[in-house]
Amino acid sequence: MATSVLPQDSIAVNAPTQRYSIFTRNEKRYIVLLIALAGWFSTLSSFIYYPVIALVAKDLHTSIARINLTVTSYLAVSGIAPAFVGDAADMLGRRPLYVVTLVIYVAANIGIALQGSFIALLLLRMLQSLGISGTFSIAYGVIADISTPAERGSYVAALSFGITTAPSAGPLIGGALGNSVGWRWIFWFLCILSGSCLIAMSLTLPETARNLVADGSVSPPKLSRLPIKGLMHGQRKPESETETCRKKITWHIPNPMKSLIILARKDTLCLVIGGGIVYMVYCCLHASLSSLFIEVYGLNQLEAGLIYLPFGAGSTISTLFSGKLIDRDYRRVAEKYSLPVEKVKGDDLAHFPIEEARTQSVFLPLAIATTTVHIAIPLVLQFIAGLAIQTCFNINNTLLIDINQESPAAAQASSNILRCAFAALAVAVLQDILDAVGAGWTFTILGLLCLITVGLYLLIRKKGMEWRLESKGQSKVHSTQTLGHSVDVERLQESNHQTLNDIGHIVEREVEKSLDHSPRTKLSTETI
């Protein structure tokens, strides 16, 4: 019996498939639940640490300024590591990268909980960041693997539900553990939870990378397989059909430059800069809230941790409706251009105005974020700002996946590089600006910076599709003609079908008339 000899990178293109993803809806939900939990640790590890900085400095007999270096080093590594992890995940698959990164993260947490010097803490915090910061990039790659463009917004929102709760829950958990059982238990807590996540992923998370498993039906390399066969619907093709494909995988050292190369595209660069500015405002809000409330209202550390809850509540509510909002916008634009919406096989975005679809609802929450950020101290407005900013994040990340479907993890890593750079620079000078002009003017400036993002989204909406097609060697004129042609063909087919029906009815009537007259004609001829 002949076996397939397709190269590995052509599986997703040439393998016959009727569905975009073979995984069931419940399986997809479970996959998103696991990757959201892994992404939760990436954000939680940073925010859970803030309330106990003074306690750590006292215990290690050093200054708070030196302990702050462990925060800076964590952020620095988190800006670089995803560039390596993203490219590796696009090449080797999602499952092995999740296992490796979580093993590193668990080991780092154990080390931090047991160490007793500043140098050890500094190095282990960098190792902790190296392990967990890349999970955010891998997660968006998984979303691109299992969801069609028509349903992608809901899955991105579901993923962000796990991630957005960390900035609010982190300071509260950190403060409670630090005041009750000691700061080292923060890292034992992270170790226990992340270890449980590692076990669950090792046993149940299937490989989803489309260059390895296509729609999920192709058997992945041995290291990427589930230990329990038949646990998921995916990877059910016979071994003989894919063995030769796996031998043709081209291995290379993960290249962080791939993420920077993606930024050379004008559409991706504008989108990443816009999202980076919103993230910068988000970080400045969180970095300044506790100190401002302590200064103005005289709160203690535990009370200062509670003030993050309204922002987190707003972000959480955003995840409940923003996904449906994004998917609704997609359907509206598809109807506008008389295009089908295919949730099973997936739609071809090559000639779909996805930029117009994804930016339909971004401007209202962006305007709210712009007007509420400069009066950010009241808790009610913190709730509104959290809701608006998180909605912008979800829309931005969904579009980033859509325009980089070939390398979604590397694209997310490129976004991470820029947004971390923006946030680090802004937070570094934030206190100086607060001291110079006060809180009101500081957050007014941040709000005005959001107007730059408005301009960038308008530019993407108008020129994004043209830039995207140019990067692929096509033209918007050709795409528009193709789009119009496909619609005209459908209409022409309907018209032709109706015309043929009309002709059929006419012929049928004439034949009936002919049959009715033929006997009389024959009779009169015989009489003559």
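From a predicted model like this one, the values you see are computed outputs, not experimental measurements.

Trainee: Give a detailed account of the packing of helix α4 (residues 64-92) against helix α5 (residues 94-114), specifying residues and quantitative values.
Mentor: Look at α4 against α5: their axes get within 7 Å of each other, and the N-to-C directions meet at 140 degrees. Our classification of the angle between α4 and α5 gives oblique. Every residue of α5 that contacts α4 at Val-85, Ala-88, Ala-89, Asp-90 and Leu-92 is listed here: Arg-94, Pro-96, Leu-97 and Thr-101. Split into classes, the residues belonging to the contact of α4 with α5 amount to six nonpolar, one polar and two charged.

Trainee: With reference to specific residues and values, describe the confidence of the model for the protein chain.
Mentor: On average, residues of the protein chain score 76 in pLDDT, and 76% of them are at 70 or above. A low-confidence stretch, residues 1-17 (pLDDT under 50), is modelled with 26 contacts involving residues beyond four sequence positions or located in other chains. This model gives residues 485-497 a pLDDT under 50, and the stretch forms four contacts once residues within four places in sequence are excluded.

Trainee: For the packing of aromatic side chains, give the residues involved together with the corresponding values.
Mentor: This model, assessed by the stated rule, comprises nine aromatic pairs. Ring centres of Tyr-282 and Phe-393 lie 5.5 Å apart, and the angle between their planes is 80 degrees; this geometry places the pair in the edge-to-face category. Linking Tyr-282 in helix α14 (residues 266-297) with Phe-393 in helix α19 (residues 379-402), this pair joins segments that are 111 residues apart in sequence. Classification of Tyr-282 by relative accessible area gives buried; the value is 7%. Within the aromatic cluster, the residues linked to one another by ring pairs are Trp-40, Phe-41 and Tyr-105.

Trainee: Summarise unusual backbone geometry; cite the residues concerned and give the values.
Mentor: Even without being a glycine, His-61 presents a positive backbone phi close to 55 degrees. Residue classification places His-61 among the exposed residues on the basis of a relative accessible area of 75%. The phi torsion at Ala-214 lies on the positive side, around 55 degrees, for a residue other than glycine. Residue class for Ala-214 comes out buried when judged on its relative accessible area of 6%.

Trainee: Outline the side chain of Arg-358, supporting the account with residue identities and numerical values.
Mentor: Counting through the fold element by element, Arg-358 comes out in helix α17 (residues 354-358). What Arg-358 contacts, discounting residues up to four positions off in sequence, is Pro-149, Arg-152, Ile-326, Tyr-330, Ile-395, Thr-398, Leu-399 and Asp-402.

Trainee: Residues and numbers for the pattern of salt bridges, please.
Mentor: Considering all chains together, one arrives at nine salt bridges under this definition. Salt-bridge contacts for Lys-28 lead to Glu-151; the nearest nitrogen and oxygen are separated by 3.3 Å. Note that Lys-28 is positioned in helix α2 (residues 25-47) and Glu-151 in the loop between α7 (135-146) and α8 (152-164), a separation of 123 residues in sequence. For Lys-28, a relative accessible area of 8% corresponds to the buried category. Residues Arg-265 and Asp-267 are paired through a salt bridge, measuring 2.8 Å at the closest nitrogen-oxygen approach.

Trainee: Kindly report on helix α10 (residues 184-204), identifying the contributing residues and their values.
Mentor: When the terminal C-alpha atoms of α10 are compared, their 31 Å separation across 21 residues agrees well with the 30 Å that a helix rising 1.5 Å per residue should span. Taken together, the buried positions of α10 are occupied by Ile-186, Phe-187, Leu-190, Cys-191, Ser-194, Gly-195, Cys-197, Leu-198, Met-201 and Thr-204. Residues of α10 that are buried sit in contact with α2, α5, α6 (118-132) and α9 (166-180).

Trainee: Break down the nonpolar core for me, citing the residues and quoting the values.
Mentor: Tyr-49, Ile-67, Tyr-98 and Met-201 are the most contacted members of the largest nonpolar core, which totals 59 residues. Sorting elements by how many residues they give to this core places α2 first, with nine residues. Every residue in contact with Tyr-49, bar those within four places of it in the chain, is listed here: Val-56, Ile-67, Thr-70, Val-71, Leu-121, Arg-125 and Phe-187. In terms of nonpolar packing, the next biggest core, distinct from the first, is built from 50 residues, Ala-423, Phe-443, Cys-450 and Ile-460 among them.

Trainee: Tell me about the packing of α5 against α6, and name the residues and values.
Mentor: Two elements in contact, α5 and α6, have axes whose closest approach is 7 Å; the angle formed by their N-to-C orientations is 160 degrees. Taken together, the axes of α5 and α6 lie roughly antiparallel to each other. Once α5 is placed against α6, the crossing between them reads as left-handed. Counting all contacts with α5, which are made through Thr-101, Leu-102, Ile-104, Tyr-105, Ala-108, Asn-109, Gly-111 and Ile-112, the residues of α6 involved are Leu-121, Leu-124, Arg-125, Leu-127, Gln-128, Gly-131 and Ile-132. Per-class residue counts for the contact of α5 with α6 are nine nonpolar, five polar and one charged.

Basis of the calculations
Residues numbered from 1 in each chain as written. Predicted model: local features only at pLDDT ≥ 70, side-chain atom pairs only at ≥ 80, totals over all residues. Heavy atoms only, no water. Axes fitted to C-alpha atoms, helices over the stretch in contact; angles between N-to-C directions. Helix = DSSP H or I, 4+ residues; strand = E, 2+ residues; numbered from the N terminus. Parallel < 35°, antiparallel > 145°, perpendicular 65-115°, else oblique. Contact = heavy atoms within 4.5 Å. Nonpolar A, V, L, I, M, F, W, Y, C, P; charged D, E, K, R; others polar. pLDDT = per-residue confidence, 0-100. Phe/Tyr/Trp six-rings, centres within 6.5 Å; stacked < 30°, edge-to-face > 60°. Buried < 20%, exposed > 50% of the residue type's maximum accessible area, 1.4 Å probe, protein only. Salt bridge = Lys/Arg side-chain N within 4 Å of Asp/Glu carboxyl O. Expected span 1.5 Å × (residues − 1). Core = buried A, V, L, I, M, F, W, Y, C linked by side-chain atoms within 4.5 Å. Left-handed = near helix turned anticlockwise from the far one by under 90°.

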